[in-house]
Structures are given as C-alpha cells and as structure tokens.
Amino acid sequence: MELDLDESSLAIGRIERALSRIEKALADRESRPAPAPAPSETASQSALKAEVAAVIGELDRLINEAKHG
Amino acid sequence: MADVKLQIAGRPYDVHCADGQEERLHQLAGIVDTKARTIQGGTEVRQLLFTALLLADEAHEARAKAEKAEPQSDSLRAAVALAESREAAARDALREAEAREQALRAELDAARQASAPPPRNAHDRALLQIAERIEALADRAERMP
C-alpha cells in the first residue's frame, strides 16, 4: 500500500477513533432501556447506518486501489 | 663498383659488385663456402660444380614447398573472407537486435506511464476526506437520543 506514512497514518488513526466512537455510541444506545423510537428517529438511524456503510465501502475501495495500484 | 675478396673452400676469389652490395655478397659467399667445405677431394672446378648442384637442389625443393603451400594459403584466405562476412552479418544482426530492444524499451516505458497509478497525494486526500466524514458520522451517532 503506497501511502505517505505521515499523512495516511494520521488519517487512519482518525478513522479508527471515529469508528470506535460510533461503535461505543451504538453499544450505549442498545444497553439503555429505550422507549419506543419515533418514526423520524428510526429513519435517522437507518440513514446513519447507510452512510456509515457507504463510507466504509469507499474506504475498502481506496485500500484496494492503493494495494493493487 | 666495389672490389670484394671472397674465400670459398680455402681459395681466394676477387669479384666486383655494385656499391653497397658487399655485405650481401659476403653472406652469399658464406653459404657457398659452407656447402663447398662439405665436399672433399676432386678438382676446384668439380668441387664448385657439386656445390652448385647441391645448392640448386635445395633451391628446387624450397620452390616446390612454396608451391605446395600456395593452395593452403588460398584456402586460408577463403576461410578468412568467410569469417569476415559472417562477422559482418553478425554485426548487422546485433545492430538490428539493439534497435529492436530500444523500441521495446520505449514501448514498455510508454505502457508503464499509461498504467501509472494515481499520485500518492490523491490517496492521502481521499483518506483525509473519509476520516472527516466518519468523524461527522460519529458526532451524529453520539448525538442520537
């Protein structure tokens, strides 16, 4: 993977920390006894999940591109 | 003209030669003297006759050897000519191969440049953009009720 170590390692560190924050936020939500979510909240969660999946897909594509040139 | 005194088989002979030829004449007389000394007995004329016959025999053999060697020289010359023509052909082939190699190198370089990966900075920028987007998503996830 040909990346500039200074720039890329900084970016990867930020990505890892942000993913941990998302995982922790989702785990906290699940452990809370939540009231039945409003329809707008459910839509917001779905949108968030879709966006996270899209960004992770883009990250995979970028890593593959860097690996295979 | 130069006067030269020669000694052949112990007898003196006065001869003349062109100026500058004295040394050569002494060398030739030395050859005749050596041969004449191998012939013992007989009169002076007979001794010189046999010397002349022996030297004529040697000259004849030497000429025959030279003639026999000529065909070998011809075949050697032919072999050299063949080797030279082969060398010229090999040089031509080498030049062609070098030209082909250069053309292939140029093609290879062009192909490499055509398939060159995007600059590293593009990957870095994309990674930074993804980091920013994931951080924004993390903010949203943390703010969710």
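A.B. asks: I tried to follow the packing of helix H1 (residues 22-37) of chain B against helix H2 (residues 44-114) of chain B on my own but got confused; where do I start?
C.D. replies: Two measures define how a pair of helices packs: the angle their axes make with one another and the distance between the axes. Residue and element names in this part refer to chain B. For the pair H1 and H2, the least separation of the axes is 9 Å and the interaxial angle reads 115 degrees. Here H2 runs roughly perpendicular to H1, going by the angle between their axes. For the pair H1 and H2, the crossing hand works out as right-handed. Of the residues in H2, those touching H1 at Ile31, Val32, Lys35 and Ala36 are Gln47, Thr51, Leu54, Leu55 and Glu58. Per-class residue counts for the contact of H1 with H2 are five nonpolar, two polar and two charged.

A.B. asks: Would you explain the environment of alanine 59 of chain B in this entry?
C.D. replies: Residues and elements named next belong to chain B. For alanine 59, the location among the structural elements is in helix H2. Judged by relative accessible area, alanine 59 falls into the partly exposed class, the value being 38%. On a C-alpha basis, the gap between alanine 59 and aspartate 74 in space is 23 Å, while along the polypeptide they are 15 residues apart.

A.B. asks: Whenever I open this one, H1 of chain B confuses me. Can you help?
C.D. replies: The periodicity of an α-helix, 3.6 residues per turn, causes residues three or four positions apart to be oriented the same way. All names here are of chain B. Between its terminal C-alpha atoms H1 stretches 22 Å, which fits the 22 Å expected from 16 residues at 1.5 Å a residue. Taken as a whole, H1 has its buried residues at Ala29, Asp33, Lys35 and Ala36. In an axial view of H1, the angular spread of the buried residues amounts to 165 degrees, which keeps them on one side of the axis. Seen from the buried face of H1, the exposed residues on the opposite side, beyond 90 degrees, are Glu23 and Thr34. On its buried face, H1 sits against strand E1 (2-8) and H2.

A.B. asks: Can you help me understand the pattern of salt bridges in this one?
C.D. replies: Between side chains of opposite charge, a pair can form as their charged atoms come close. Under the counting rule described, the total for this entry stands at 15 salt bridges over all chains. When the shortest N-O distance is used, the salt bridge between arginine 61 of chain A and glutamate 65 of chain A registers 3.0 Å. Note that arginine 61 of chain A and glutamate 65 of chain A are positioned in helix H2 (residues 39-68) at a spacing of four residues, about one turn of the helix. Accessibility expressed as a relative area gives 45% for arginine 61 of chain A, which makes it partly exposed. Classification of glutamate 65 of chain A as partly exposed rests on a relative accessible area of 31%. Ionic pairing is found between aspartate 74 of chain B and arginine 77 of chain B, a salt bridge with its closest N-O pair at 2.6 Å. Of this pair, aspartate 74 of chain B and arginine 77 of chain B both sit in helix H2, three residues apart, roughly one helical turn. Under the relative-accessibility criterion, aspartate 74 of chain B is labelled partly exposed at 44%. Via salt bridges that share partners, Arg21 of chain A together with Asp139 and Glu142 of chain B belong to a single interconnected network.

A.B. asks: Help me understand the interface of chain B and chain A, please; the structure alone is not making it clear to me.
C.D. replies: You'll often see interface size given as the accessible area lost when the parts meet. Listed by partner, the interface residues are 22 residues for chain B and 31 residues for chain A. Together, the buried faces of chain B and chain A total about 2,700 Å²; carbon and sulfur atoms form 66% of this surface. Ranking the residues of chain B by area buried against chain A places Leu127, Ile134 and Met144 of chain B at the top, with a combined share of 23%. At the junction of chain B and chain A, the tally comes to five salt bridges. Residues glutamate 135 of chain B and arginine 14 of chain A are paired through a salt bridge, measuring 2.9 Å at the closest nitrogen-oxygen approach. Remark: the boundary between chain B and chain A carries five residue pairs in polar contact (both at pLDDT 80 or more). Looking at the side of chain B that touches chain A, its residues break down into 13 nonpolar, one polar and eight charged.

Criteria and thresholds
Residues numbered from 1 in each chain as written. Chains lettered and ligands numbered in written order. Predicted model: local features only at pLDDT ≥ 70, side-chain atom pairs only at ≥ 80, totals over all residues. Heavy atoms only, no water. Axes fitted to C-alpha atoms, helices over the stretch in contact; angles between N-to-C directions. Helix = DSSP H or I, 4+ residues; strand = E, 2+ residues; numbered from the N terminus. Parallel < 35°, antiparallel > 145°, perpendicular 65-115°, else oblique. Left-handed = near helix turned anticlockwise from the far one by under 90°. Contact = heavy atoms within 4.5 Å. Nonpolar A, V, L, I, M, F, W, Y, C, P; charged D, E, K, R; others polar. Buried < 20%, exposed > 50% of the residue type's maximum accessible area, 1.4 Å probe, protein only. Expected span 1.5 Å × (residues − 1). Arc of directions from axis to C-beta. Salt bridge = Lys/Arg side-chain N within 4 Å of Asp/Glu carboxyl O. Buried area = accessible area lost by both parts, 1.4 Å probe. Polar contact = N/O pair within 3.5 Å; in protein donor to acceptor, adjacent residues only side chain to side chain.

None of the figures reported here should be taken as evidence of function without further support.
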